[in-house]
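A structural walkthrough
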Amino acid sequence: MTQFDDTAEQEYVLGTDAAELRRLGFQHQVWAATTARLWELARFAPGQRVLDLGCGPGYATADLAPLVGTDGEVVAVDVSRRFLSSLEQLVAARGLHNVQWHEQDAAALDLPAESLHGAFARWVLCFTPDPSAVIAGVHRALAPGGRFAVFDYANYEAFTMAPASAAVDRVIAATGQSVRLHGGDFSVGRNLPHLMHAAGFDVTHIEPIVRVARPGDALWEWPATFFANYLPVLLELQLITAEERDAFVATWEARTADPSAYLVTPTMVGVIGVKR
Ligand SMILES: C[S@@+](CC[C@H](N)C(=O)[O-])C[C@H]1O[C@@H](n2cnc3c(N)ncnc32)[C@H](O)[C@@H]1O
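Residues numbered from 1 in each chain as written. Predicted model: local features only at pLDDT ≥ 70, side-chain atom pairs only at ≥ 80, totals over all residues. Heavy atoms only, no water.

1. A word on the sheet that holds strand β6 (residues 160-162)
- The strand order across the open sheet built from three strands is β6-β9-β8, with neighbouring strands paired in antiparallel fashion. Strands with a single pairing partner mark the edges of an open sheet, and in this sheet they are β6 and β8 (212-213).
- Here two bridges tie β8 to strand β9 (residues 262-264), and the two strands are oriented antiparallel to one another. Pairing of V212 across the sheet is with V264, part of β9. (Pairing = 2+ DSSP bridges. Helix = DSSP H or I, 4+ residues; strand = E, 2+ residues; numbered from the N terminus.)

As structure tokens, then:
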């Protein structure tokens, strides 16, 4: 295992511990097909050099690597040294030889100008206080005609539990608030086409990403695994009370046991911009 200085670890609001690492792996599984479709629309292809910005432990990176092939390369960037250390292990375990990684802040991207054919950022811009700086850095690093595919939240509060539950709505609102307190924005997707256009991209594709899950579906566990990790954080930040946490947990258990229940994921968007 790669050694790193844990005191230098840059943790985003959701943390970078083992539980978050596992959650990101599961999250990638349930959103992998949607992601692959976005890559296809962005025309990521063999031989290209593609950036995975805010790559985390590299679950998407490891899928992108076979897509760009041995004549292409994936450039993975994240601020978390711990996640990059996991990425290094994943890349070695899969025998991938076309991945390079850099510890960098997405808002101060330091890659050679016009060195990329494509760039991808999933659930990253929503955590960055200055999305314009991130987009400008990606624009600079892309060659003219290069494509930037972004997958992010557009309206987190649209998360819908059915039958309705005030306890769930309360925790959803607190989660959005916690992200804002850390400089992020779970509705960043609404501004993305505007910001990308202003930065010098032609926005060629905007699609809603919304799915329904029922108890027993793998996707039902996506918010469940998130809140298992995050309820203690919301409590610690005093954004919910212990009673509100308990009401949420009780509701979640009741809905999970109810075959007529369903949830609608928060509204997300897939946006593709082509560098002018
Ligand atoms: C929800 S995770 C998503 C990881 C990965 N993109 C995926 O979809 O599996 C958010 C990631 O963004 C990274 N991140 C947050 N702020 C960042 C910044 N300013 N620069 C680079 N990475 C950042 C975090 O360290 C974390 O790995």
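2. Considering the pattern of salt bridges
- Taken as a whole and assessed by the stated rule, the structure comprises nine salt bridges.
- With its nearest N and O atoms 3.0 Å apart, the salt bridge here joins R37 to E207. Of this pair, R37 sits in helix α1 (residues 18-41) while E207 is found in strand β7 (residues 201-209), placing the two residues 170 residues apart along the sequence.
- The class for R37 is partly exposed, based on a relative accessible area of 43%.
- Using a relative accessible area of 9% as the deciding quantity, one classes E207 as buried. (Salt bridge = Lys/Arg side-chain N within 4 Å of Asp/Glu carboxyl O. Buried < 20%, exposed > 50% of the residue type's maximum accessible area, 1.4 Å probe, protein only.)

3. Considering the pairing of strand β2 (residues 73-78)
- Taken across its six residues, β2 has five buried, putting it largely inside the fold.
- As paired elements, strand β1 (residues 49-53) and β2 share five bridges and run parallel to each other. Pairing of R49 across the sheet is with E73, part of β2.
- Note that the unit made of β1, helix α2 (residues 59-68) and β2 has a crossover that is right-handed.
- When β2 meets strand β3 (residues 99-103), the two strands line up parallel, connected through five bridges. Counterpart to V74 in the pairing with β3 is V99.
- Once the chain exits β2 it traverses helix α3 (residues 81-93) before rejoining the sheet at β3, and the crossover so formed is right-handed. (Right-handed = clockwise from strand over helix to strand, strands pointing away.)

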